Amino acid sequence: MWDDAFPSFLIGLREGLEGGLIVSILVATLVRAGAKSRLPQVWTGVLAAIALAMSFGAVLTFTAASLSATAQEAFGGTLSVIAVAFVTAMVFWMRRSARSLSGEIKEKVTGALAMGAGMLILTSFLAVGREGLETALFLWTTARAAGESAGPMAGAGIGLVLAAGLCWGLYRRVLKINLTRFFTATGAVLIVIAAGVLGYGLRDLQEGGVLPGGTAYAVDLGGSVDAGSWYSTLIQGVFNLTPTMTWLQVVAYAGYLTVVMTLFVRGVRGAGATATAAPDRAKPVAKAKEDVKAREDRPGPAAKAPQTPSDAPARRRPAWAVPVAVVAVPSVVAGLIVAVSGSKPAGTQTVAVSETECGKGFSAPEPGRQTFQMHNTGDKTSEVYLVDPASNAVYGEIEGLAPGTTRDLVATVAGGSYAWRCVPTGGKAVTSKAVRVSGGAGAKAVVPVSEKDLAAPLAAYRTYVEQGLATLVTQTRKLSDDIAAGHLDAARADWLTAHRTYSSLGAAYGTFEDFDQKINGRPDGLPGGVNDKDFTGFHRLEYGLWHGQLADRLKAPAQQLADDAAGLRKAFPTQTFDPGDLPLRAHEILENTLQFELTGHADQGSGTELATADANLAGTRELLTVLKPLLTTRAPKLLPAVDADIARVQKLLDAAHHGDSWTPVDRLDETARDRLNGATGQLLEDLAPIPDLLEIRKSA
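Residues numbered from 1 in each chain as written. Predicted model: local features only at pLDDT ≥ 70, side-chain atom pairs only at ≥ 80, totals over all residues. Heavy atoms only, no water.

Enquirer: Would you explain the overall build of the chain in this entry?
Expert: Looking only at helices and strands, the chain has 21 helices and 12 strands in total. Taken across its 700 residues, the chain has 46% of its residues classed as buried. Counting contacts in the chain only where the partners sit at least 6 residues apart, residues at least 24 apart contribute 76% of the total. (Helix = DSSP H or I, 4+ residues; strand = E, 2+ residues; numbered from the N terminus. Buried < 20%, exposed > 50% of the residue type's maximum accessible area, 1.4 Å probe, protein only. Contact = heavy atoms within 4.5 Å.)

Pasting the structure below:
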């Protein structure tokens, strides 16, 4: 989250300081002019600017939400480019204007004082409003790039609060800041951030179909860079640089950064040369300004501004009327814009889901990416699928749609036949009337899987598990015999062999019932920890063997492990193995590996976590082998990518295997550990679609 927060923090700090400086100068000018009674007019203008900025942000958010997915990409990309233009202009403007800002604002305030309350409100509104609109646009853009709002909003909030504190300190003269240097340094950083936003925006325009080249990649490091590592997250969050970038993104990023940074640096050097060219001439001017300021600060009749009609004691309207109006007007206008834009994406259809009205309201949609609002009009929670009625292929689905609720289903529609299949809980599946769509391309459907389809893979995997359990029984008996004979060195080697055998059966863990906790349970959560009587199995023996416990103390746990392994082998043929577990386990085995083995959390002293990870990888490979016939027909490009990922992880694990020993996770150097975590994360990402591809769905 904090990686995504930094760009917004910088914007909040810089824009907040700009706006705060303007407000401080406005207030100071009025105070020194003896016109404190006019301060509410300044705050009214500031309040109006804040209301406008927040309303603008709401319009951006809700207007984008009412667009189709493709239109959202185009809309977001366009605004990202506009935001970059605004930020670039703001950086150069503030670099030029930092020194003369105070004098310019004082001149405007002096003129506004003579023209009445309305002009003073307008002056403060315009002075602050520009910063507010820029902030709203850039924050919306960075939040969209981050894919979440918590980090960017938190960063912006911290930046604004810090800016307010700095402005207060400057106003009270308890703090001194070289504003020229501050805006120069933050300007350079913002230029780098803006380059990333520009690249992200252009990518959005490519995905929205506005710009070509969406598949022309200049950089594709997805297979070698760990997208989940801290450094990758930091680079993506702060600079919007991703492992995969198109040629347009790379050229735009490099071009913008080169041109804009060069101009910015030249301008800074030029300003520095000008400042040092005539120091003697500048001193009298500065001295004269100090004398004027001293006279302005000195109390007396001359410090008071001429009274204007608006200073009269009598007021014809309540004091709260104008502030309420300036807040209400932008809010009402924003609400009208959102209402006119509509709360649904363009072309959205509301489709009924129930046993009696399945598909009501559905008509032939336009080709392309579409959003359907599925409304459950029945009295049962339902699943709903957009299907090809001829093949039962699924284009989109929603699970657990409760009665009376509405959820969006987004799917790509191309030429072909489409119908809705509603499956109420405990009820009969109902299929709507089919509609025909002409033209279009890009629709991808998933051929549904039945329990019958998974019968053969399940039988093959059960055979694999039964063979593994037979081997496990033999190995645990040998381990028990070693300990009984006091051969603890041999027991340590036999422990690892047996534990790897058990770990390779990962897809069946859910079937093993209580045996899994007895055989492979960890001490986590047990009242006595490693000394608890219920701490048994492999990890109990691991703790004892690698913490110097004597054989007499380990005989009973070793015999119990051998008995539990034999009991599991006997019980397994009668245990229920849900066919739907096979696709789920394809992802979960290595998910647990990443959580426990690759963090060292499961280790009880042996330092063999990577040996266990290697066994888990072997079990995943076996599972994919039995699922291959189903996956090949549904996602032909998936298995080659997964095979490449597995080979990469295997190579990294082999590098930590030295004869009979394995490098403990905590002794891996940082680079090797990051690579292993990254490769496993990439494998998990590529395995993630398998549960959806092979989910058992009701077809009738």
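What follows continues from the structure just given.
Enquirer: What is the right way to read the packing of aromatic side chains from this model?
Expert: Centre distance and the angle of the planes are the two values used to describe a pair of aromatic rings. In the structure shown here, the tally under the stated rule is 12 aromatic pairs. Aromatic side chains Tyr395 and Tyr418 sit 4.8 Å apart centroid to centroid with 50 degrees between the ring planes, which places their arrangement in the tilted category. Placement of Tyr395 in strand E6 (residues 394-401) and of Tyr418 in strand E8 (residues 416-424) is noted, with a sequence separation of 23 residues between them. Residue classification places Tyr395 among the buried residues on the basis of a relative accessible area of 18%. Given the relative accessible area of 1%, Tyr418 is considered buried. Taking 6.4 Å as the distance between ring centres and 75 degrees as the angle between the ring planes, the aromatic pair formed by Trp495 and Phe538 counts as edge-to-face. One end of the pair, Trp495, is in helix H13 (residues 488-503); the other, Phe538, is in helix H15 (residues 538-545), with 43 residues separating them in the sequence. Residue Phe538 is classed as buried on the basis of its relative accessible area of 0%. Clustering of aromatic rings is evident, with ring pairs tying together Trp495, Tyr502, Phe512, Phe538, Trp546 and Phe572. The positively charged end of Arg462 is found above the aromatic ring belonging to Phe572, 4.7 Å away from the centroid. Stacked on the ring of Phe596, the Lys or Arg Arg522 has its end atom at 3.9 Å from the ring centre. (Phe/Tyr/Trp six-rings, centres within 6.5 Å; stacked < 30°, edge-to-face > 60°. Lys NZ or Arg CZ within 6 Å of the ring centre and 35° of its normal.)

Enquirer: Please explain the sheet that holds strand E4 (residues 368-376) as it appears in this structure.
Expert: Through backbone hydrogen bonds, the strands of a sheet pair up, either in parallel or in antiparallel fashion. With mixed pairing, the 3 strands of this open sheet are ordered in space as E3-E4-E7. Since the sheet does not close on itself, it has two edges, and those belong to strand E3 (349-353) and strand E7 (406-413), each with one partner. In this sheet, neighbouring strand axes are inclined to one another by 35 degrees on average, regardless of whether the strands run parallel or antiparallel. Pairing between E4 and E7: 8 bridges, direction antiparallel. Note that in E7 the partner of Gln370 across the bridge is Ala411. (Pairing = 2+ DSSP bridges. Axes fitted to C-alpha atoms, helices over the stretch in contact; angles between N-to-C directions.)

Enquirer: Where do I start with helix H16 (residues 551-571) in this structure?
Expert: Helical geometry: 3.6 residues make up each α-helical turn, so side chains three or four residues apart lie on a common side. Between its first and last C-alpha, H16 extends 30 Å over 21 residues, near the 30 Å set by a 1.5 Å rise per residue. Listed in full, the buried residues belonging to H16 are Ala551, Leu554, Pro557, Ala558, Leu561, Ala562, Asp564, Ala565, Leu568 and Ala571. Here the buried face of H16 lies against helix H12 (455-484), H13, helix H14 (514-520) and H15. (Expected span 1.5 Å × (residues − 1).)

Enquirer: Could you clarify how one ought to interpret the nonpolar core in this entry?
Expert: Generally speaking, a soluble globular protein has its nonpolar side chains buried in company with each other. Core analysis: the biggest nonpolar cluster contains 69 residues, and Tyr461, Ile483, Phe512, Leu610, Leu623 and Leu631 have the highest contact counts within it. Once residues within four sequence positions are removed from consideration, Leu610 is found in contact with Leu598, Leu653, Ala656, Trp662, Thr663, Val665, Leu668 and Leu676. With 29 residues, the next largest nonpolar core counts Phe138, Trp140, Leu202 and Leu205 among its residues. (Core = buried A, V, L, I, M, F, W, Y, C linked by side-chain atoms within 4.5 Å.)

Enquirer: Looking at this structure, I do not really get the state of the cysteines. What am I missing?
Expert: In a disulfide, the sulfur atoms of two cysteines are held together by a covalent bond. Across all of its chains, the model carries 1 disulfide by this definition. In this model, Cys358 is linked to Cys422 through a disulfide, with the two sulfur atoms separated by 2.0 Å. On the sign convention where negative is left-handed, the bridge of Cys358 and Cys422, at about 85 degrees about the S-S bond, is right-handed. Taken together, the residues Cys358 in the loop between E3 and E4 and Cys422 in strand E8 connect sequence positions 64 residues apart. Its relative accessible area of 0% is what places Cys422 among the buried residues. (Disulfide = S-S within 2.5 Å.)

Enquirer: Is there a simple way to think about the pairing of strand E5 (residues 382-387) in this case?
Expert: Every regular strand shows the same layout, with side chains that alternate between the two sheet faces. Summarising burial for E5: 5 of the 6 residues are buried, a large majority. Two strands pair when backbone bridges link them, and E5 and E6 are joined in this way by 5 bridges, in the antiparallel orientation. Across the sheet, Tyr385 pairs through a bridge with Glu397, a residue of E6. Between E5 and E6, which pair antiparallel in sequence order, lie 6 residues; one of them, Asn392, sits at a positive phi of approximately 65 degrees. In terms of strand pairing, E5 meets E8 through 6 bridges, oriented antiparallel. Paired with Val387 across the two strands is Ala419, which belongs to E8.

Enquirer: Which parts of the structure should I look at to understand the side chain of Thr511?
Expert: Tracing the chain through its elements places Thr511 in the loop between H13 and H14. In contact with Thr511, not counting residues within four places along its chain, are Phe572, Gln575, Thr576 and Phe577.

Enquirer: Is there a simple way to think about the confidence of the model for the chain in this case?
Expert: Parts of the prediction with low pLDDT should not have their coordinates interpreted in detail. Per-chain confidence: the chain averages 79 in pLDDT, with 77% of residues scoring 70 or above. Confidence over residues 276-315 falls short of pLDDT 50; this stretch has 21 contacts with residues more than four positions distant or in other chains. (pLDDT = per-residue confidence, 0-100.)

Enquirer: I'm lost on the pattern of salt bridges in this one. Help?
Expert: Opposite charge on two side chains permits them to pair, given that their charged atoms come into close proximity. According to the stated counting rule, one finds 11 salt bridges in the structure shown. A salt bridge links Lys380 to Glu355; the nearest nitrogen and oxygen atoms lie 3.6 Å apart. Of this pair, Lys380 sits in the loop between E4 and E5 while Glu355 is found in the loop between E3 and E4, placing the two residues 25 residues apart along the sequence. Since its relative accessible area comes to 35%, Glu355 is described here as partly exposed. Between Asp614 and Arg500 there is a salt bridge; the shortest N-O distance is 3.1 Å. With Asp614 in helix H18 (residues 609-634) and Arg500 in helix H13, this residue pair connects regions lying 114 residues apart in the sequence. The exposure class of Arg500 is partly exposed, given its relative accessible area of 26%. Linked through salt bridges whose partners overlap, the residues forming this network are Lys478, Asp482 and Asp494. (Salt bridge = Lys/Arg side-chain N within 4 Å of Asp/Glu carboxyl O.)

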